[in-house]
Number of protein chains: 2
Amino acid sequence: MLKRGRPQRDPSARSAADAGEDASPVGFRPLYRQVRDALIKRIVEGAWQPGELLPSEHELAATMNVSQGTMRKALGELERDNFVIRRQGKGTFVARHDEARILFQFFRVAPDEGDSEFPDSRIVSTATRLANDEDAVTLKMRPTSRVAVIERLRSIGNRPCIIERIILPCSLFPRIEKRRLPNNLYQLYRSDFGVTIVRAKEKLKAVLATSHDGQLLGMKAGAPLLSIDRVGLTAEGRPVERRVSMCRTDIFHYFAELK
Amino acid sequence: MLKRGRPQRDPSARSAADAGEDASPVGFRPLYRQVRDALIKRIVEGAWQPGELLPSEHELAATMNVSQGTMRKALGELERDNFVIRRQGKGTFVARHDEARILFQFFRVAPDEGDSEFPDSRIVSTATRLANDEDAVTLKMRPTSRVAVIERLRSIGNRPCIIERIILPCSLFPRIEKRRLPNNLYQLYRSDFGVTIVRAKEKLKAVLATSHDGQLLGMKAGAPLLSIDRVGLTAEGRPVERRVSMCRTDIFHYFAELK
DNA sequence: TAGTGGTCTAGACCACTTC
DNA sequence: AAGTGGTCTAGACCACTAG
């Protein structure tokens, strides 16, 4: 509950950690950001279940002692970051992170012909090892830390498509390599490790297939593959996952929208 | 000037063409969209020059007979679409389409090491021809229409980086192939042809270099290249440019942000 | 100090969904 | 008809910029 009763500003909140996407050098934290963060905290803690209907704008505004307009702006940011889904006439729902929606948010590979489906996954191997220099830099870890590495093959419509090597700090994801891993890892991160990835950055290159990768993908060594090096980030901008993918693009492609 | 005096809605505006990014099946056009479109029209017509300071929110709202809040929302969309730049304490400026900003909006290739610079361009060839099937589909043209084709080599820091083949409907860009072409084509489209590209869609694949492309890029035939097939769209969602790029990714990479 | 955009409020009405 | 999010207004104050 925000310590506010009136349109005055809460000075104690100004010094709050501000590592959000718009972190400004001098701390000024608008009320709607405080409201947003409070709501994120409650959602991640599980105060409402995925798919559950939230109280109305009016109600939420009343219980947090802010105006409807301010609550509206906070909910707008939550929708933008895919924490909630809003439907006129119906209400505001906690987003399910296992829906087709995520396909377009984090999975940017589609078949050249036919509809875009969500890919299957087959685990090839899991292990832990010391972080290498690249891991340490992208995940902002100490070089001596350990990481879990998950290798899996993803297929769309029974056609092998992508080899993923997923690198996770053991400190954030203890013993994840021993688990039975679902197709949608981001949902697992959130439900079992309290880590919510809301955005990611990717670097793409064209490379030639190694014999190992070629074999798994059903292509010859030396065939061109698309290499995708992704870092997954939390709402606070903290890097928590590195994912290196090799994608065959003879019958698939990567798509992007620039705006 | 919008025909409104009071909070009532303007029925004549409802039937207005709505091909915007959020086109809904049944026409309901919020006031701030009408305001936005009116402002876009004036900007494209050149009522204010690039870089020029616009009147304040209050003034604009008064002259268009809407509240400041509505004007604010319209200006917010203009900022999101990069028509204007807003600075607290300074004002709202018409965006220059030749600034570093556009580098991050439409140019997603950067050197692996060192800072991201804007690339030089060297025209390799220009010509016109009949649209092929792919052109006709992506640009929504009749198959018999003519297109202009511009081939150019782009370099970053004197290192060849990308070969671009730019395909434009002759109907929209008459005689463009005869012109002296600047580095920033999108600015030319806007100033000389009244066509403003606000967003684009790209399809990426890994391919092997042809001897022609390899030679221009200083690589061997058979080296892996990143192929980028882009469609440029106006604010109304109309496709107006196709651009097929071959990018060397041994020392450069393509970057994307997912959110 | 004046002017700008940014935030916040309070309250009204509209469009959409469900009963 | 009731309840939701979406739009719109009117007015206040705050933070930032510049003379």
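Residues numbered from 1 in each chain as written. Chains lettered and ligands numbered in written order. Predicted model: local features only at pLDDT ≥ 70, side-chain atom pairs only at ≥ 80, totals over all residues. Heavy atoms only, no water.

Student: Explain the overall build of chain A residue by residue, including any values.
Tutor: Helix and strand counts for chain A come out as eight helices and 10 strands. Split into buried and exposed, the 259 residues of chain A put 49% on the buried side. Counting only contacts in chain A whose residues sit at least 6 apart along the sequence, the fraction spanning at least 24 positions is 58%. (Helix = DSSP H or I, 4+ residues; strand = E, 2+ residues; numbered from the N terminus. Buried < 20%, exposed > 50% of the residue type's maximum accessible area, 1.4 Å probe, protein only. Contact = heavy atoms within 4.5 Å.)

Student: Explain the nonpolar core to me, using residue names and the numbers behind them.
Tutor: Nonpolar side chains tend to gather and get buried jointly when the protein is soluble and globular. Counting residues in each nonpolar core, the largest one holds 65 residues, and the members touching the most others are Y189 and Y254 of chain A together with Y189 and Y254 of chain B. Non-local contacts of Y189 of chain A, meaning those with residues more than four positions away in its chain, are made with I166, L168, F173, I176, G194, V195, I197, E241 and R243 of chain A. (Core = buried A, V, L, I, M, F, W, Y, C linked by side-chain atoms within 4.5 Å.)

Student: Please provide a residue-by-residue account of the relation of the copies chain B and chain A, values included.
Tutor: The transformation that overlays chain B on chain A combines an axial shift of 0.0 Å with a rotation of 180°, and the residual RMSD is 0.0 Å. Expressed as an axis order, the relation between the two copies is that of a two-fold axis. Using C-alpha coordinates, one finds that chain B approaches the rotation axis most closely at A206 of chain B, a distance of 2.5 Å. Interface overlap between copies is the fraction of interface residues in one copy that are interface residues in the other; for chain B against chain A it reaches 100%, indicating a shared surface. (Least-squares fit on C-alpha atoms with pLDDT ≥ 70 in both.)

Student: An account of the sheet that holds strand 6 (residues 159-169) of chain B is requested, with residue identities and associated values reported.
Tutor: Where strands meet in a sheet, backbone hydrogen bonds hold them as pairs that are either parallel or antiparallel. Strand order in the open sheet made by the eight strands is 3(A)-10(A)-7(B)-8(B)-9(B)-6(B)-5(B)-4(B), with antiparallel pairing throughout. Every interior strand has two partners, whereas the edge strands, strand 3 (109-111) of chain A together with strand 4 (120-130) of chain B, have only one. With direction set aside, neighbouring strand axes in the sheet form an average angle of 25°. Note that strand 5 (residues 146-156) of chain B and strand 6 of chain B share 10 bridges and pair antiparallel. (Pairing = 2+ DSSP bridges. Axes fitted to C-alpha atoms, helices over the stretch in contact; angles between N-to-C directions.)

Student: Could you give an account of the interface of chain B and chain A, naming the residues involved and the relevant values?
Tutor: Contacts between the two partners involve 31 residues from chain B and, on the opposite side, 31 residues from chain A. Broken down residue by residue, the surface that chain B buries against chain A is led by K205, A206 and L258 of chain B, which jointly contribute 26%. Applying the counting criterion to the chain B and chain A interface returns four salt bridges. Among the ionic pairs, D112 of chain A bridges to K205 of chain B, the shortest N-O distance being 2.6 Å. Run the count over chain B and chain A and you get 16 residue pairs in polar contact (both at pLDDT 80 or more). (Buried area = accessible area lost by both parts, 1.4 Å probe. Salt bridge = Lys/Arg side-chain N within 4 Å of Asp/Glu carboxyl O. Polar contact = N/O pair within 3.5 Å; in protein donor to acceptor, adjacent residues only side chain to side chain.)

Student: For the packing of helix 3 (residues 57-64) of chain A against helix 4 (residues 68-80) of chain A, give the residues involved together with the corresponding values.
Tutor: Geometry of a packed helix pair, given as the angle between the helix axes and the separation of the axes. Residues and elements named next belong to chain A. The N-to-C vectors of helix 3 and helix 4 enclose an angle of 110°; their axes lie 9 Å apart at closest approach. Comparing the axis directions of helix 3 and helix 4 gives the class roughly perpendicular. Here E57, H58, L60, A61 and M64 of helix 3 come into contact with helix 4, specifically with Q68, M71, R72 and L75. Residue composition of the contact of helix 3 with helix 4, by class: five nonpolar, two polar and two charged. (Parallel < 35°, antiparallel > 145°, perpendicular 65-115°, else oblique. Nonpolar A, V, L, I, M, F, W, Y, C, P; charged D, E, K, R; others polar.)

Student: Any details on helix 2 (residues 31-45) of chain A? Residues and values, ideally.
Tutor: Residues and elements named next belong to chain A. Compared with the 21 Å implied by 1.5 Å per residue over 15 residues, the 21 Å span of helix 2 between its first and last C-alpha is a close match. Taken together, the buried positions of helix 2 are occupied by L31, Y32, R33, Q34, V35, R36, L39, I40 and I43. Directly after helix 2, the chain includes G46, whose backbone phi takes a positive value near 90°. (Expected span 1.5 Å × (residues − 1).)

Student: Describe in detail the side chain of R33 of chain A, supporting the description with residues and values.
Tutor: Looking at the element boundaries, R33 of chain A is found in helix 2. Within polar-contact distance, the side chain of R33 of chain A engages the side chain of E77 of chain A at 3.0 Å.

Student: Pulling in residues and values, what's your account of unusual backbone geometry?
Tutor: Residues and elements named next belong to chain A. The backbone of N82 sits at a positive phi, close to 65°, despite the residue not being glycine. Note on placement: N82 falls in the loop between helix 4 and strand 1 (84-87). Accessibility expressed as a relative area gives 16% for N82, which makes it buried. At K140, a position not held by glycine, the phi torsion is positive, near 50°. Topologically, K140 is positioned in the loop between helix 6 (133-139) and strand 5 (146-156).

Student: Quick rundown of the side chain of E57 of chain A? Include the residues and the values.
Tutor: Structurally, E57 of chain A is set in helix 3. Non-local contacts of E57 of chain A, meaning those with residues more than four positions away in its chain, are made with Q68, M71, R72, L75 and R86 of chain A.

Student: Break down the pairing of strand 7 (residues 199-208) of chain B for me, with residues and values.
Tutor: Alignment of strand 10 (residues 252-258) of chain A against strand 7 of chain B, held across five bridges, turns out to be antiparallel. Pairing of F255 of chain A across the sheet is with K203 of chain B, part of strand 7 of chain B. Alignment of strand 7 of chain B against strand 8 (residues 224-233) of chain B, held across 10 bridges, turns out to be antiparallel. The residue bridging A200 of chain B from the neighbouring strand is G232 of chain B, located in strand 8 of chain B.

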